[in-house]
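Chain residues, written in single-letter form:
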Amino acid sequence: MGALSDLFGPERVAVVGATDREGSVGRAILTNLQADFDGDVVPINPNRDAVLGLDCYESVASAPPVDLAVVVVPPGIVVDAVREAGEQGVDDVVVITAGFSETGSEGAARERDLIEVAEEYDMNLVGPNSIGIMSTPNGLNATFGPENAESGSISFMSQSGAFITAVLDWANDHDLGFKDVVSLGNEAVLDETDFIREWGDDPDTDVIIGYLEGIDHGREFIDTAREVAEDTPIVLVKSGRTEAGAQAASSHTGTIAGSEQAYEAGLDQSGVLRVDTVEEMFDYARMLSDQPTPERDDVAVITNAGGPGVMTTDAIGDSRLDLADFSDETLETYGEMLPDEGNIYNPVDVLGDAPAERFREALDIALEDRGVGAAVIVAAPTAVLDFEELADIVAEAREEHDAPIVAALMGGESTEAAAKKLQDSGVPNYFDPARAIRSVGALSEYRDISERAHEPPREFDVDRERAREILERVEGRNDNSLGVEAMELLDAYGVPTPEGAVVDSPDEAESVAEGIEGDVVMKIVSPDILHKSDIGGVKVGVETDDVYDAYEDLITRARNYQPDASIIGVQVQEMADLDEGTETIVGLNRDPQFGPMVLFGLGGIFVEVLEDTTVKIAPISEPEAREMIDDIQAAPLLRGARGRTPADLDSVVETLQRLSQLATDFPAILELDVNPLVAGPDGVQAIDLRLTVDKDEL
């Protein structure tokens, strides 16, 4: 059991603020505890001698020793009540009372005091602003919700109290049970990561589900959830997919990689199954708690109706699953077993005159095929089909075969008794075959999550002191950005760059060009001019004899375009081989919850137009860096599509890891773009650089 097992398994619970006043929260909590709790309930109220037939105590100090205190007093005395509980050795507290950080500065100050008390007494504190907690094994319902949960193996947390009451009402109507339920409230002390850790250690929790609006400590969440998800599936609804407004960003990465991308990356790296709806959350939870994970993603469909069979096939095509190809032996067996009008190929059509027994034979044949990983029964009502008999057959098959089986009984009242039988046997049933396929897909996805090999990020030998000195150049500037004049930062972290330098005179430009073999590229260097090519601020293929004039021309163009721009000079750079290479982008951005993020994608001038990019939370391992390459649509270009020379992908992977380390080593870097990073057959070269630095973090 985990560190919070006593929170869910108390023997005596005190309700601080208990009352018998009709309509009060204190009465509702006391009533819920009296109804089902196996242990003792102790009301605390200095103004009552008894409450609802129970002896009432003036304080926690005057009451018998308690294991859990549920606090529902006015906000002004909550901190004192919790301190008294701590003084009496109470380790676990649930604060129901609202009026803390959700209400403004005064409430926020009160919450800080509450945190200090909890830390002083090393208390596990849920809330404040929580509706409470439940645990069905001992009948604990320390909430003011209207009903208790049914027992089950799913543990559920929510940052919305109203969401809990709505879900419990729905779940009870659908005979769906829970092990533990927590309303997280303001998460002053305990948060979603603590409960994921707890339920990961709980042998009675088969699946963790939750509704989250935010995650405060992103890196800790990733590390904890990743470990837990190896054995216990985590299914979350994370709201807030869209952003009401975009914040100003000074880099491509800052524009593309926003908060939603951070959550998407963080939850994916955590091994969390993210869903969009409550229906999906419970579809997934049922499958993951009752069904084995498939060894392969090939699905057999058994149906008595052609149209629904096609619908199911389409749903498989839209999913991560495949329609199973039957072996010759299986096809021969189906040919002998089915009427001539039946379809022996997948989806198997047992015809509309099929009784339940024909479904049994077809299902057994499919599941004995080694190329089948899961089976879906899709059945429409007919005069000859007994749905309850079919449910018994499917339940028996579920016991006999070590493979997932789901049903789509496409009817109304005629399917209700059969659906109940299926549910009791651990076989989910859906009216819509697409839901059945999505749920099987969840099993497949979780199988891959549980089998992931997690490697620690590689630690490269880099020159941190040199990197810090380069970043500190921003302190003498009016803004907080650096450009190609900071290319040495990449050198310090082992990222290859072309030969060249930033100069502030045409004579210096000529001198640098003379030291470079072949023609050069020249670019205006100004923190005020982001898109250099748009103003003619880039010259490609400049011969040495033309460098002097090219310098003068670039400076003139920049001053004409923006007279007040700060002009640092001109970059003179060795030309990269763009014919053999692919322009990519590597970016860094910093998310308030998850910290540093790494972005990779198709680069050059198309980055914001095509947005063929992917994001992960830093630091990243080598497998994660390779996943980033696989995730972009332009990956075939890097691998040599249509006769192109393949890029050196190992160099791309190493660059992603090195810049991931840079972001982790220097929290002062808010945004960074290496665009383009040219990936060619002989390695990579970082051609251009732009970054934004938080001067206060240096």
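Scroll up for the structure.
Student: I'm lost on the pairing of strand E19 (residues 405–409) in this one. Help?
Tutor: Where a strand is regular, its side chains alternate between the two sheet faces. Among the 5 residues of E19, 5 are classified as buried, and the element is accordingly described as predominantly covered. Residue alternation in E19 divides its side chains into two sets, Ile405, Ala407 and Leu409 and Val406 and Ala408, and both sets are buried. In this structure, strand E18 (residues 374–379) lies alongside E19, joined through 5 bridges in parallel fashion. Its bridge partner being in E19, Ala379 is matched across the sheet by Leu409. Regarding the hand of the β-α-β motif, the stretch spanning E18, helix H14 (residues 387–400) and E19 is right-handed.

Student: What exactly am I supposed to notice about the sheet that holds strand E23 (residues 538–542) here?
Tutor: In sheet architecture, strand pairing relies on hydrogen bonds along the backbone and comes in two forms, parallel and antiparallel. Pairing is antiparallel across the open sheet formed by 4 strands, whose spatial order is E21-E24-E22-E23. Of all the strands in the sheet, the pair left with one neighbour each is strand E21 (500–503) and E23. Adjacent strand axes in the sheet meet at a mean angle of 20° when their direction is disregarded. Relative to E23, strand E22 (residues 520–525) runs antiparallel, the two being bridged by 3 bridges. In the sheet register, Val520 faces E23, and the bridge partner there is Val542. With respect to the sheet, helix H20 (residues 547–561) is in contact with E21, E22, E23 and strand E24 (569–574), its orientation differing from that of E22 by roughly 30°.

Student: Would you take a moment to explain the pairing of E24 for this structure?
Tutor: Of all 6 residues that make up E24, 5 are buried, and the element is covered over most of its length. Here E22 pairs with E24 via 6 bridges, running antiparallel. Considered in E24, the bridge of Met522 is made with Val572.

Student: Help me out: how do you make sense of the pattern of salt bridges in this one?
Tutor: Oppositely charged side chains may form a pair once their charged atoms are brought near each other. By the definition in use, this model includes 42 salt bridges. The shortest N-O distance in the salt bridge between Arg27 and Glu22 comes to 3.4 Å. For Lys179, the salt bridge goes to Asp202, with nearest N and O atoms at 3.0 Å. On the criterion of sequence distance, the pair formed by Lys179 in strand E11 (residues 178–183) and Asp202 in the loop between helix H6 (192–200) and strand E12 (207–212) is long-range, its members being 23 residues apart. Classification of Lys179 as buried rests on a relative accessible area of 7%. One salt-bridge network, in which partners are shared between bridges, spans Asp268, Arg452, Lys616 and Glu627.

Rules of the game
- In every chain, residue numbers begin from 1 and rise along the written sequence.
- Local features in this predicted model are restricted to residues whose pLDDT is 70 or higher, and side-chain atom pairs enter the listing and the counts only when it is 80 or higher, whereas totals over whole chains, interfaces and linings include all residues.
- Just so you know, side-chain values use all the structure's heavy atoms and leave hydrogens and water out.
- Think of it in three bands: with a 1.4 Å probe and only protein chains considered, a residue is buried below 20% of the maximum accessible area for its type, exposed above 50%, and partly exposed in between.
- A run of H or I in DSSP becomes a helix once it reaches four residues, and a run of E becomes a strand once it reaches two; helices and strands are each numbered from the N terminus.
- Two strands qualify as a pair provided DSSP detects at least 2 bridges between them.
- Seen with its strands pointing away from the viewer, a crossover is right-handed when the path leading from the first strand over the helix to the second is clockwise.
- To get an axis, a line is fitted to the C-alpha atoms, and for a helix only the part in contact is used. The angle between two axes follows their N-to-C directions and goes from 0 to 180 degrees.
- Here a residue-residue contact requires only that any non-hydrogen atoms of the pair lie within 4.5 Å.
- By definition, a salt bridge exists where a carboxyl oxygen of Asp or Glu is found within 4 Å of a side-chain nitrogen of Lys or Arg.

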